[in-house]
Every structure is written in structure tokens, then in C-alpha cells.
Amino acid sequence: MNAPAAAGTPTPLPQSEPGSLHALVLQSLDDDQAQEIVSIPLEGKSSIADHMVIASGRSTRQVAAMAQKLAERIKQGGFGHVRIEGLPAADWVLIDAGDVVIHLFRPEVRSFYNLERMWAFGDSGAA
């Protein structure tokens, strides 16, 4: 487990297998200037997916645009269609891509729900 990053320092993202769905998701969010991208490995914690990726957008417009672009990139990458929930309001958009589940938030909504903490059970050093 990586040590927590100092305040204001981004936590390094885990390595992904090149060409994988997980790598495509992380690259797409990085390309779209998502903020505070976190990837949580779910293997051994949950059967819903292999990875949960959480990221923030600066506004509802950016969150919606990131979600739509990500869905299109996943489809173009040959990973099939995704299910998207929450797009009209775009405060919290859930994208189910099968092996990777992506949560895109506005910063205030993300801090309220604090999914990172909820999924950190069993990890040493979880605050």
C-alpha cells in the first residue's frame, strides 16, 4: 500500500496493463483534465468490478463532458457499451463499464459521499 501523499500532492496511480480497459479509463480522464483521480483495486473486496475509479470535474458541464467522452472512447476501444447514471444533473455520474466502475463528481458532492474512505476498509493506514 502506498503511503498517503502530502496535502496537495497527487497520489500516483497504479500501473495498468497497456491496452486494458482500466488503462483506457485512466488515460481518458487524464486527457480530459479530471482532478484527483483515484483508482481503487476491488479484487478480493467485491465482485462488482476489478477497479473503481473516482475523479472530480470542476463543474457539472465538465463532469458531463468527461462521462460522455469516456463512454465513447470505451466503445471505440472495443470494450462494448457502458451504462451511465446521473448524467442529466451531472453532480455524480456513475459509469458501469463492466470490469471498471467509474464515479465522476463535482468536488463538493465527492467530499460529501467520500467513497474513497468507504472502500478503504481493510487497508492499513486508512484514516
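The structure under discussion appears in the preceding block.
Residues numbered from 1 in each chain as written. Predicted model: local features only at pLDDT ≥ 70, side-chain atom pairs only at ≥ 80, totals over all residues. Heavy atoms only, no water.

**Side note on helix 1 (residues 21-31)**
Every buried residue belonging to helix 1 is among Leu21, His22, Ala23, Val25, Leu26, Ser28 and Leu29, and all of these are buried. Along its buried surface, helix 1 packs onto strand 1 (35-41), strand 2 (51-56), helix 2 (60-76) and strand 5 (100-105). Of the residues trailing helix 1, Gln33 is marked for its positive phi of about 60 degrees. (Buried < 20%, exposed > 50% of the residue type's maximum accessible area, 1.4 Å probe, protein only. Helix = DSSP H or I, 4+ residues; strand = E, 2+ residues; numbered from the N terminus. Contact = heavy atoms within 4.5 Å.)

**Structural notes on unusual backbone geometry**
Of note in the backbone geometry, Gln33 takes a positive phi value of approximately 60 degrees without being a glycine. Considering the arrangement of structural elements, one finds Gln33 in the loop between helix 1 and strand 1. Phi is positive for Glu36, close to 50 degrees, though the residue is something other than glycine. Here Glu36 lies in strand 1. For Glu36, a relative accessible area of 60% gives the class exposed.

**Regarding the side chain of Ser56**
Counting through the fold element by element, Ser56 comes out in strand 2. Residues contacting Ser56, with those up to four places away along its chain left out, are Ala34, Gln35, Met66, Phe105, Pro107 and Arg110.

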